[in-house]
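Residue-level listing of the chains:
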Amino acid sequence: MTNFLKRREFLASSLAAGAFLGSGDLSVFRSLRPVSAAELERTRDIVSLQSDIEPIVRLLEETPREDVLGVFAKRIQGGLSYTEVLAALQLAGVRNVEPRPSVGHKFHTVLAVNSTHLASLSSPPETRWLPVFWGLDYFKSAAARDVRERGDWVMQPVDESAIPPAHKATRQFQTAMENWDVSAADAAVAGLARTSGANEVYEMMFRYGARDFRSIGHKAIYVANSFRTLQCIGWRHAEPILRSLTYALLMHEDGNPKDRDADADKPWRRNQKLVQTIRNDWRNGNHDRDATEELVADLRTASHEEACDRVVQLLNAGVSPQSVWDGLFVFAGELLMRQPGIVALHANTTSNALAYAYRTSGNDETRRLMMLQNAAFLTMFRDAMQSRGRIKDVTIDDLTETDTELGKTGLGDIFTALGREPMEAARMTLAHLEHSQSPHDLIDAARVLIYRKSRDAHDYKFSSAVLEDFYNVSPAWRNVFLSSNVFELKSSTSPDSDLVARTQAAFS
């Protein structure tokens, strides 16, 4: 936590951040401290939450959208803590918004909670509440959409009689997941939440989140983001979140996937065998820029089988896993250059989620599977782009074809150009980063523009992922990676959201 505080102190004094905040006085946000809401009676047969968080969640559920910012601002000024608000936001989402028929769309109110949390951690004091208040407002919008589309779905209490004893819960959960049996998995995961540890449960979730390509990566994203949010709000809130996650992971189309060979399932079935051919000491290898470049080139045309075979060849040849991950991250960014939009955006956020599972898992086979599945998924994202319109004939090599004078370009010019000519802005970004001693000014400015101008959950989900992965890529590739991803950041010329003004008014 100390590092985050130091980061905020830096941001508070950052000229770049100050310039992009605009002229509005945001100092009103600095005085916020914690409280608790009054008890609210239950009126529906819905899943119960921990007694201390239930009234706060009820407050969020029952407050009209036009009043929610003011109501929560008053509670925060009275003492409601950041962690309590974040927990309420996550739990209200899983209780009121169904992750069906697709783990996306309105369900981003849940998927983006960790993204808003990451944004808050990196914020200066005067903007640290803005991502969370965006989340509160977005929840009300998503809940209303759920009412329209799903008839006001709510999570029901678990069938207590079906919950297995502790010593049988893991096996029952695995069997239910392999059979795509929703009711059995629901009861088993409730048992796991009550009797098992977080790492034990999420070791299984990492695999189930990566086993199929349905919902363009949202399953893996939900696994990673829910685990990260629970690490902040506490494992005692895990049961409803794990039940929602399990329900999402079992989403499928047509008949039971175990009885057919759908394209979405093919990489996982193949990779469970392929992963066994990787050398035992695969984690020991040499950083190899040429190998990274070769992997990026292969991913442009390879089938998912060929891509995974190539990863195995590189690892067995003594290339480091980091060099492989560099290739995966850089290719995801290249996809965004070629076709900015929803598919390539998710190639990046899914890579972020699978890389998090890779870094977090304590199981050697799981880690290898995350790498192979990421390679396979990137080829599937690439192919999915074909139906979304024009794909530009550009690569990361085109970023370097630029005048060195661009390195002297100011941040204002970069984010203005982003709204006019994104490719030029990407080249300016690379030149700026290559000539700058620190990337922080550009990253800070990008974040503040998200706060000011965001109108969509993807703005937070995407920006939090790529700005985090900037540091997960090797130093030699960081500038290219970030430059390729500016296509989905916010331009300074795009219109402001009214959220900043509404949040200011709520705290006034």
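Residues numbered from 1 in each chain as written. Predicted model: local features only at pLDDT ≥ 70, side-chain atom pairs only at ≥ 80, totals over all residues. Heavy atoms only, no water.

Asker: Talk me through the overall build of the protein chain; I want residue IDs and the actual numbers.
Answerer: On a plain count of helices and strands, the protein chain comes out with 25 helices and two strands. Counting all 508 residues of the protein chain, 60% fall into the buried class. Sequence-distant contacts in the protein chain: of pairs separated by 6 or more residues, those separated by 24 or more amount to 81%. Roughly 19,600 Å² of accessible area belongs to the protein chain as shown, and the carbon and sulfur atoms make up 48% of that amount. (Helix = DSSP H or I, 4+ residues; strand = E, 2+ residues; numbered from the N terminus. Buried < 20%, exposed > 50% of the residue type's maximum accessible area, 1.4 Å probe, protein only. Contact = heavy atoms within 4.5 Å. Areas by Shrake-Rupley, 256 points an atom, 1.4 Å probe, with all protein chains shown as cover.)

Asker: An account of the nonpolar core is needed here, citing residue identities and associated values.
Answerer: With 160 residues, the main nonpolar core has Phe72, Tyr202 and Met205 as its most contacted residues. When near neighbours in sequence (up to four residues on either side) are disregarded, Phe72 contacts Ile56, Leu59, Leu60, Leu80, Val85, Phe133 and Leu136. (Core = buried A, V, L, I, M, F, W, Y, C linked by side-chain atoms within 4.5 Å.)

Asker: Break down the packing of aromatic side chains for me, citing the residues and quoting the values.
Answerer: Counting across every chain of the model gives 20 aromatic pairs. Judged by centre distance (6.2 Å) and plane angle (90°), the rings of Trp129 and Phe133 are edge-to-face. For the pair Trp129 and Phe133, a shared accessibility class is recorded, and that class is buried. An angle of 70° between the planes, with centres 6.3 Å apart, marks the rings of Tyr202 and Trp235 as edge-to-face. Of the two residues, Tyr202 sits in helix α11 (residues 198-210) while Trp235 sits in the loop between α12 (218-233) and α13 (238-249), which places them 33 residues apart along the sequence. Accessibility expressed as a relative area gives 0% for Tyr202, which makes it buried. (Phe/Tyr/Trp six-rings, centres within 6.5 Å; stacked < 30°, edge-to-face > 60°.)

Asker: Break down the environment of Phe72 for me, with residues and values.
Answerer: On the secondary structure map, Phe72 appears in helix α4 (residues 65-77). A relative accessible area of 0% means that Phe72 is categorised as buried.

Asker: Hey, could you go over the confidence of the model for the protein chain for me, with residue numbers and the actual values?
Answerer: When pLDDT is averaged along the protein chain, the result is 90, and 89% of the positions lie at 70 or above. Confidence drops under a pLDDT of 50 for residues 1-17, and excluding neighbours within four residues, the segment shows 26 contacts in the predicted structure. For residues 32-44, every residue scores under 50 in pLDDT, and the model assigns this stretch 43 contacts once sequence neighbours within four places are set aside. (pLDDT = per-residue confidence, 0-100.)

Asker: So, helix α22 (residues 440-453): which residues are in play, and what are the values?
Answerer: In this model α22 runs 20 Å from its N-terminal to its C-terminal C-alpha over 14 residues, within 8% of the 20 Å that 1.5 Å per residue would give. Most of α22 is tucked away, with 12 of its 14 residues classed as buried. Among the residues of α22, those classed as buried are Leu442, Ile443, Asp444, Ala445, Ala446, Arg447, Val448, Leu449, Ile450, Tyr451, Arg452 and Lys453. (Expected span 1.5 Å × (residues − 1).)

Asker: So what's going on with unusual backbone geometry? Which residues, and what values?
Answerer: What you tend to see is this: most non-glycine residues have negative phi, and most peptide bonds are trans. Each neighbour pair has its own omega, and for Arg100 with Pro101 the value is 0°, a cis peptide bond. Relative to the elements of secondary structure, Pro101 occurs in the loop between α5 (82-96) and α6 (108-111). For Ile216, which is not glycine, the phi dihedral falls at a positive 35°. In this structure, Ile216 sits in the loop between α11 and α12. Unlike most non-glycine residues, Asp254 shows phi in positive territory, near 55°.

Asker: I'd like a rundown of the side chain of Lys106, residues and numbers included.
Answerer: Note that Lys106 resides in the loop between α5 and α6. Setting aside its immediate chain neighbours within four residues, Lys106 contacts Val97, Glu98, Arg100, Tyr138, Ala142, Arg145, Asp146, Glu149 and Arg150.

Asker: Before we move on, can you summarise α12 with the specific residues and values?
Answerer: Given 3.6 residues per helical turn, the α-helix brings residues three or four places apart onto the same face. Counted at 1.5 Å a residue, the expected span for α12 with its 16 residues is 22 Å, and the 22 Å between its end C-alpha atoms agrees. Buried residues dominate α12, accounting for 14 of its 16 residues. Within two residues after α12, Gly234 carries a phi angle of roughly 110°, on the positive side.

Asker: Lay out the packing of α11 against helix α19 (residues 364-384) in plain terms, naming residues and giving numbers.
Answerer: Interhelical geometry of α11 versus α19 gives an angle of 20° and a closest axis separation of 10 Å. The angle between the axes of α11 and α19 places the two elements in the roughly parallel class. Viewed along their axes, α11 and α19 form a crossing whose handedness is left-handed. Facing α11, whose interface residues are Glu203, Phe206, Arg207 and Ala210, α19 presents Glu365, Thr366, Leu369, Met370, Gln373 and Phe377. Within the contact of α11 with α19, the residues separate by chemical class into five nonpolar, two polar and three charged. (Axes fitted to C-alpha atoms, helices over the stretch in contact; angles between N-to-C directions. Parallel < 35°, antiparallel > 145°, perpendicular 65-115°, else oblique. Left-handed = near helix turned anticlockwise from the far one by under 90°. Nonpolar A, V, L, I, M, F, W, Y, C, P; charged D, E, K, R; others polar.)

Asker: Can you break down the pattern of salt bridges residue by residue, with the values?
Answerer: Counting across every chain of the model gives 37 salt bridges. Where Lys266 meets Asp263, a salt bridge forms, and the shortest distance between an N and an O atom there is 3.2 Å. Accessibility expressed as a relative area gives 53% for Asp263, which makes it exposed. (Salt bridge = Lys/Arg side-chain N within 4 Å of Asp/Glu carboxyl O.)

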